[in-house]
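Residues per chain are reported as follows:
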Amino acid sequence: MNTASTRFERAATGIVVAATWIAASFVVSPLVGGFAVVTVAEAVIVRSPGWLSSSAIGLLGFAAQPALVAGVVAAVLAAAAIAEIVRPRAPDVLTPAYAVAVAVATAWLFLATGGGLSIGVAVAFVVAVGAPYLAAQYLTRPPAPPNRRRFLRRIGGVVAAGAVSAAGLRALFSRFESEGGDRAGEPLSRSISPPSGDPAFDFEGMPAAVTPPRNHYTIDISVDDPDIDPESWSLGIDGAVEEPYELGYEELRGHDDSVEQTTTLICISNPVGGDLIGTAHWTGVPLSSLVKAAEPAEGAVDLVTHAADGYSEAIPLELVEREDVLIAYGMGEQALPRSHGFPARLLVPGRYGMKMTKWITRIEVAEAEHEAYWEQRDWNERAIANTMSYVRAATREGDRVTVGGVAFGGLETGVEEIAGVEVSVDGGETWNEGELEAQLGPHAWRRWRYAFDAPEGSEFEVVVRAIEADGTVQTDEEADTLPDGATGWHRETVQV
Ligand SMILES: Nc1nc2c(c(=O)[nH]1)N[C@H]1C(S)=C(S)[C@@H](COP(=O)(O)O)O[C@H]1N2
Ligand SMILES: [Mo]
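Residues numbered from 1 in each chain as written. Chains lettered and ligands numbered in written order. Predicted model: local features only at pLDDT ≥ 70, side-chain atom pairs only at ≥ 80, totals over all residues. Heavy atoms only, no water.

Caption draft 1: Molecular detail of the overall build of the chain. Helix and strand content of the chain: ten helices and 18 strands. Principal axes of the C-alpha set define a box for the chain whose edges measure 90 × 65 × 40 Å. Of all 496 residues assigned to the chain, the portion counted as buried reaches 50%. Counted over contacts in the chain with a minimum sequence separation of 6, partners at least 24 positions apart contribute 74%. (Helix = DSSP H or I, 4+ residues; strand = E, 2+ residues; numbered from the N terminus. Buried < 20%, exposed > 50% of the residue type's maximum accessible area, 1.4 Å probe, protein only. Contact = heavy atoms within 4.5 Å.)

Right, dumping it as structure tokens:
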């Protein structure tokens, strides 16, 4: 009889044991506060060079993060298979060193994911190390090595036992899941009145004046959005200040200076005409009220915002003078949804979205300039949104054709930052004046439309360009998103 397991059996043992570990880590994630595999994936994102993470987000968009998690799972399974094949075999049972390595790695990951030791993390550790240990014992028990059929039956046994206990434990552990997230998206107690926009601009194909929060794009570095318990959350305002203090969630929501404001967000990685743009009706407290209460020190220059996912951004302290820079806690008629930064996020109208730190935990007044997350990855630090205009819709009523879209100006000050749009329906040969919707808020986009007569079944190349308040025409120079945000005129061929 053959005395050593075959390579196939060793590899299969490694894969099944590792899969048990992954499954157990998933099952205990409510106790730990997150899935350990996601922690690994996030560490990869945060540590990867800028060109990689930004181009992955640019190219794969939302798929980048699930793809990365799948990659981590595959890497763990492959590493386990290889480790089983190469590890010393006599005696053919788990070597203590191997078990200890798994236990140490698990403890380290769970502590990192959970943010410290707790009873939940300890229970989770026992389950996540115990389950693969039992699986390994079962697969390698005497008679060892088993014949092929018996071995496959053992694998089947591990899978069946694993599935049943996973389902039961998952149901049990979900009861311990942080309840905090439940308040994300809850109706705000104050009455909110989002503007509805001018119905003349609501024709087929046009975006709503205010994007419903569920349709608003989201971009973040984390795979799994932070799930923050508002009871234990606080916003610290400290650094180079005379009077550092902390503000709780209820204090923020109940703040006397709360205002409502309709503002457009656009990601700096949005290509010309792209969809990473949205307009929301936000409720929040002017940053100036919050920061002035802490009395910033003389030589302070920057204001650094820190977030629960390890993100940070800096804005010059002068910006705090602007009344439209907010710490927002409401979006539409609701508390911020988790994906948009619950419990609170920064809003800096007119800058690209990267400046608008979600899941904010700390505002640090700094005496030196801070190098922020995206800046380290070569994106423009000021991130002032370029003046842009997009074609979104073309519709017909009889002989009348109406084309429309949105325009958004990135000038730093003033509300009327876009003075007009010019629209061409012949690919840029001739230009016509478009009509703009009234501005809904500081740095909210303006919807535009242009109507003309044309026979049914015509094809047009629609081009649009915005005109800034001082008469400057939006540049037609085509620039990539990195490092300063895309520029160029948007053109779209339409058939109506
Ligand atoms: N904490 C944190 N804040 C963040 C990010 C992030 O990854 N983490 N992404 C930024 C980027 S790049 C953009 S474009 C906006 C997007 O905001 P939204 O998801 O609410 O649309 O959030 C910004 N704030
Ligand atoms: Mo972004």
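Caption draft 2: Representation of the packing of helix α1 (residues 7–27) against helix α8 (residues 148–174). In contact at an axis separation of 10 Å, α1 and α8 are set at 5° when each is read in the N-to-C sense. By the criterion of interaxial angle, the relationship of α1 to α8 is roughly parallel. Contacts between α1 and α8 involve F8, E9, A12, T13, V16, T20, F26 and V27 on the former and, on the latter, R148, F151, L152, I155, V158, A166, L169, R170 and F173. Considered class by class, the residues forming the contact of α1 with α8 number twelve nonpolar, two polar and three charged. (Axes fitted to C-alpha atoms, helices over the stretch in contact; angles between N-to-C directions. Parallel < 35°, antiparallel > 145°, perpendicular 65-115°, else oblique. Nonpolar A, V, L, I, M, F, W, Y, C, P; charged D, E, K, R; others polar.)

Caption draft 3: Spotlight on the sheet that holds strand β12 (residues 400–408). The four strands are arranged β11-β12-β16-β15 in an open sheet whose pairing can be described as antiparallel. Strands with a single pairing partner mark the edges of an open sheet, and in this sheet they are β11 (388–397) and β15 (435–436). Alignment of β15 against strand β16 (residues 446–453), held across two bridges, turns out to be antiparallel. If you follow L436 over to β16, its bridge partner there is W448. (Pairing = 2+ DSSP bridges.)

Caption draft 4: Structural context of the sheet that holds strand β10 (residues 360–366). Strand order in the open sheet formed by five strands is β2-β1-β10-β5-β6, and the pairing between neighbours is mixed. Because the sheet does not close on itself, it has two edges, and the strands there are β2 (245–248) and β6 (312–316). Between one strand and the next, the sheet's axes are offset by a mean angle of 20°, whatever the strand orientation. Relative to β2, strand β1 (residues 234–239) is paired through four bridges, and the arrangement is antiparallel. By the bridge assignment for β2, L235 is matched with L247.

Caption draft 5: Quick peek at the domain arrangement of the chain. Here the chain is described as being made up of domain 1 (3–176), domain 2 (199–377) and domain 3 (388–495). Between the C-alpha centres of domain 1 and domain 2 the distance comes to 37 Å. (Domains from an automatic or database assignment.)

Caption draft 6: Molecular detail of the nonpolar core. Residues W233, L252, W282, L287, L303, I327 and I363 are the most contacted members of the largest nonpolar core, which totals 48 residues. For this core, the secondary-structure elements that each account for two or more residues are β1, α9 (249–253), β4 (277–286), α10 (287–292), β7 (326–331), β9 (345–347) and β10. Element by element, the count of residues in this core is highest for β7, at five residues. Ignoring anything within four residues of it in the chain, the contact list for W282 reads V259, E260, Q261, T263, L265, A328, G330, M331, L336, R345 and L347. (Core = buried A, V, L, I, M, F, W, Y, C linked by side-chain atoms within 4.5 Å.)

Caption draft 7: Molecular detail of the UniProt feature "transmembrane region" (unreviewed entry) in the chain. UniProt records the feature "transmembrane region" (unreviewed entry) for residues 12–37, 57–81, 93–111, 117–139 and 151–173 in the present numbering. Annotated as 91% helix and 0% strand, the span residues 117–139 places its first and last C-alpha atoms 32 Å apart. (UniProt positions renumbered as here; feature names shortened; annotations may be inferred.)

Caption draft 8: Layout of the pattern of salt bridges. According to the stated counting rule, one finds 19 salt bridges in the structure shown. One salt bridge connects E9 with R148, and the closest N-O pair in it is separated by 4.0 Å. With E9 in helix α1 and R148 in helix α8, this residue pair connects regions lying 139 residues apart in the sequence. The residue E437 makes a salt bridge to R447 at a minimum N-O spacing of 2.9 Å. (Salt bridge = Lys/Arg side-chain N within 4 Å of Asp/Glu carboxyl O.)

Caption draft 9: Here's a closer look at the site of ligand 1. Around ligand 1 sit 20 residues, and of these Y217, I221, D309, H340 and K358 come closest. In the model, a nitrogen atom of ligand 1 is placed 3.1 Å from a nitrogen or oxygen of the I219 main chain. In the environment of ligand 1, a nitrogen atom lies 3.2 Å from a nitrogen or oxygen atom belonging to the backbone of M356. Protein contact buries 99% of the 530 Å² of open area that ligand 1 shows by itself. Split into classes, the residues belonging to the shell around ligand 1 amount to eleven nonpolar, five polar and four charged. (Near = heavy atom within 4 Å. Polar contact = N/O pair within 3.5 Å; in protein donor to acceptor, adjacent residues only side chain to side chain. Areas by Shrake-Rupley, 256 points an atom, 1.4 Å probe, with all protein chains shown as cover.)

Caption draft 10: How the structure looks around the side chain of E313. Tracing the sequence through the fold places E313 in strand β6. Accessibility expressed as a relative area gives 1% for E313, which makes it buried. Side-chain polar atoms of E313 contact the side chain of K355, separated by 2.7 Å. Not counting residues within four places of it along the chain, the set of residues in contact with E313 comprises L303, V304, T305, M354, K355, T357, A372 and W374.

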